[in-house]
Amino acid sequence: MAFQPIVDIRTGSIFAYEALVRGTEGQSAGEVLSGIEPDMIYKFDQACRVKAIELAGSLFAADGDAKLSINFMPNAVYEPNACIRASLSAARRVGFDPGRLMFEFTENEQMVDVAHVRHIIEAYQARGFTTAIDDFGAGYAGLGLLADLRPDMLKIDMALIRGIDRSASRRTIVASVVRMAEDLGIRCIAEGIETAAELQTLREIGVRLCQGYLLARPTVEALPSPALAAVPAATA
């Protein structure tokens, strides 16, 4: 597992570290997942969660409040309360506060059972976990999914962030998403930020939580410190 910070650019503090699967030779999560047989997805999903939590137990400050963000595939969860048992057991074993868990869900294929995913989100929220839609604005992660699921967080896809400082249409779309999310009581995270100009534009729009190579690259089994010099100073 590698970790990448999600930074609050108003305070410079770490909101969360996202746990990202990596192959033994540095393969990306997509490359790793492509080699998993369909009937092994559930076991793989469980193993990734447990590994991330075990590492967090040794890497995260025990008295801190930074969240551990874990990606999960909704189709790998057959019953949320049963599927979370291994995660809770791992958290108890390593002394990690389960209230600091955040689950990001994404779906590369159209969801065929939205009610099932809503049940997962509601069950996780009832346990005090933070929930997030990943890659919002790409693929099937759109407005219909947002209306049906009502997560705590919304991660705006990097395709909308890339070059936002040079694109009036991207600025308008992202600003509208941020306002809409605020009206729904949902916080936004901008992901995939690579330039200071992109970060400055996002600050002007009102995005507070940011993630991307500009701030820190994922680091295997370690918590990288964000490059706070890249964070533009707030203007009065």
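Note: the structure precedes this text.
A brief look at the structure comes next. (Residues numbered from 1 in each chain as written. Predicted model: local features only at pLDDT ≥ 70, side-chain atom pairs only at ≥ 80, totals over all residues. Heavy atoms only, no water.)

## Observations concerning the overall build of the protein
Step number 1: Of regular secondary structure, the protein possesses nine helices and nine strands.
Step number 2: In summary, the protein has a C-alpha radius of gyration of 17 Å against a globular reference of 18 Å for 236 residues, a match within 12%.
Step number 3: Each principal axis of the C-alpha distribution contributes one length, and for the protein these read about 50 × 35 × 35 Å.
Step number 4: A burial count over the protein gives 48% of its 236 residues as buried.
Step number 5: Partitioning the intrachain contacts of the protein with sequence separation of at least 6 by distance along the chain shows that 66% fall at a separation of at least 24.
Step number 6: Of the accessible surface of the protein, which amounts to about 11200 Å², a share of 51% is contributed by carbon and sulfur atoms.
Step number 7: Of the charged side chains in the protein, 23 are positive and 30 negative, and the gap between their average positions amounts to 4 Å. (Helix = DSSP H or I, 4+ residues; strand = E, 2+ residues; numbered from the N terminus. Rg over C-alpha atoms; globule rule 2.2 N^0.38 Å. Buried < 20%, exposed > 50% of the residue type's maximum accessible area, 1.4 Å probe, protein only. Contact = heavy atoms within 4.5 Å. Areas by Shrake-Rupley, 256 points an atom, 1.4 Å probe, with all protein chains shown as cover. Lys, Arg positive; Asp, Glu negative; His and termini not counted. Charge placed at Lys NZ, Arg CZ, Asp CG, Glu CD.)

## Some remarks on the packing of helix α8 (residues 168–183) against helix α9 (residues 196–205)
Step number 1: Put simply, α8 and α9 touch, their axes get as near as 10 Å, and they point 45 degrees apart. One finds that α8 runs oblique with respect to α9. Judged by the twist between their axes, the crossing of α8 over α9 is right-handed. Here R171, V174, A175 and V178 of α8 lie close against α9, whose contacting residues are T201, L202 and I205.
Step number 2: The residue makeup of the contact of α8 with α9, split by class, is five nonpolar, one polar and one charged. (Axes fitted to C-alpha atoms, helices over the stretch in contact; angles between N-to-C directions. Parallel < 35°, antiparallel > 145°, perpendicular 65-115°, else oblique. Left-handed = near helix turned anticlockwise from the far one by under 90°. Nonpolar A, V, L, I, M, F, W, Y, C, P; charged D, E, K, R; others polar.)

## Structural notes on unusual backbone geometry
Step number 1: Even without glycine at this site, D135 takes up a positive phi of about 55 degrees.
Step number 2: Its location among the elements puts D135 in strand β5 (residues 130–136).
Step number 3: Judged by its relative accessible area of 22%, D135 is partly exposed.
Step number 4: Unlike most non-glycine residues, R150 shows phi in positive territory, near 50 degrees.
Step number 5: In this structure, R150 sits in the loop between α6 (143–149) and β6 (153–156).
Step number 6: Overall, the relative accessible area of 42% leaves R150 in the partly exposed class.

## Section: the packing of aromatic side chains
Step number 1: Scanning the model with the defined rule gives nine aromatic pairs in all.
Step number 2: Summarising the aromatic geometry, the rings of F3 and F60 are spaced 6.4 Å apart at their centres and angled 70 degrees between planes, so their arrangement reads as edge-to-face. Taken together, the residues F3 in strand β1 (residues 2–8) and F60 in the loop between α2 (41–59) and β3 (67–72) connect sequence positions 57 residues apart. Here F3 matches F60 in class, with each residue buried.
Step number 3: Centre to centre, the rings of F103 and Y124 are 4.8 Å apart; their planes meet at 45 degrees, and the pair counts as tilted. You can see F103 sitting in strand β4 (residues 101–105) and its partner Y124 sitting in helix α5 (residues 114–126), a full 21 residues away along the chain. (Phe/Tyr/Trp six-rings, centres within 6.5 Å; stacked < 30°, edge-to-face > 60°.)

## Remarks on the pattern of salt bridges
Side chains that carry opposite charge are capable of pairing whenever their charged atoms lie near each other.
Step number 1: For the structure shown, the criterion picks out ten salt bridges.
Step number 2: As a salt-bridge pair, E221 and K51 come within 3.9 Å of each other at their nearest N and O atoms. Of this pair, E221 sits in the segment after β9 (219–220) while K51 sits in helix α2, and the two are 170 residues apart along the sequence.
Step number 3: Accessibility expressed as a relative area gives 41% for E221, which makes it partly exposed.
Step number 4: For E194, the salt bridge identified is with R162, shortest N-O distance 3.6 Å. Of the two residues, E194 is situated in the loop between β7 (187–190) and α9 and R162 in the loop between α7 (158–161) and α8; the sequence distance between them amounts to 32 residues.
Step number 5: E194 gets classed as partly exposed once you look at its relative accessible area, which sits at 41%.
Step number 6: Taken together, the shared-partner salt bridges in this structure form one network comprising E18, E104, K155 and E191. (Salt bridge = Lys/Arg side-chain N within 4 Å of Asp/Glu carboxyl O.)

## Considering the nonpolar core
Step number 1: Ranked by internal contacts, the top residues of the largest apolar core, which has 59 residues, are L68 and L154.
Step number 2: Among the elements that take part in this core, α2 stands out by supplying seven residues, more than any other.
Step number 3: Apart from the residues lying within four places of it in its own chain, the contact partners of L68 are F3, Y17, A19, A52, I53, A56, F60, F96, R100, L101 and M102.
Step number 4: Counting residues in hydrophobic clusters, the runner-up holds eight residues, among them I6, A16, M153 and L209. (Core = buried A, V, L, I, M, F, W, Y, C linked by side-chain atoms within 4.5 Å.)

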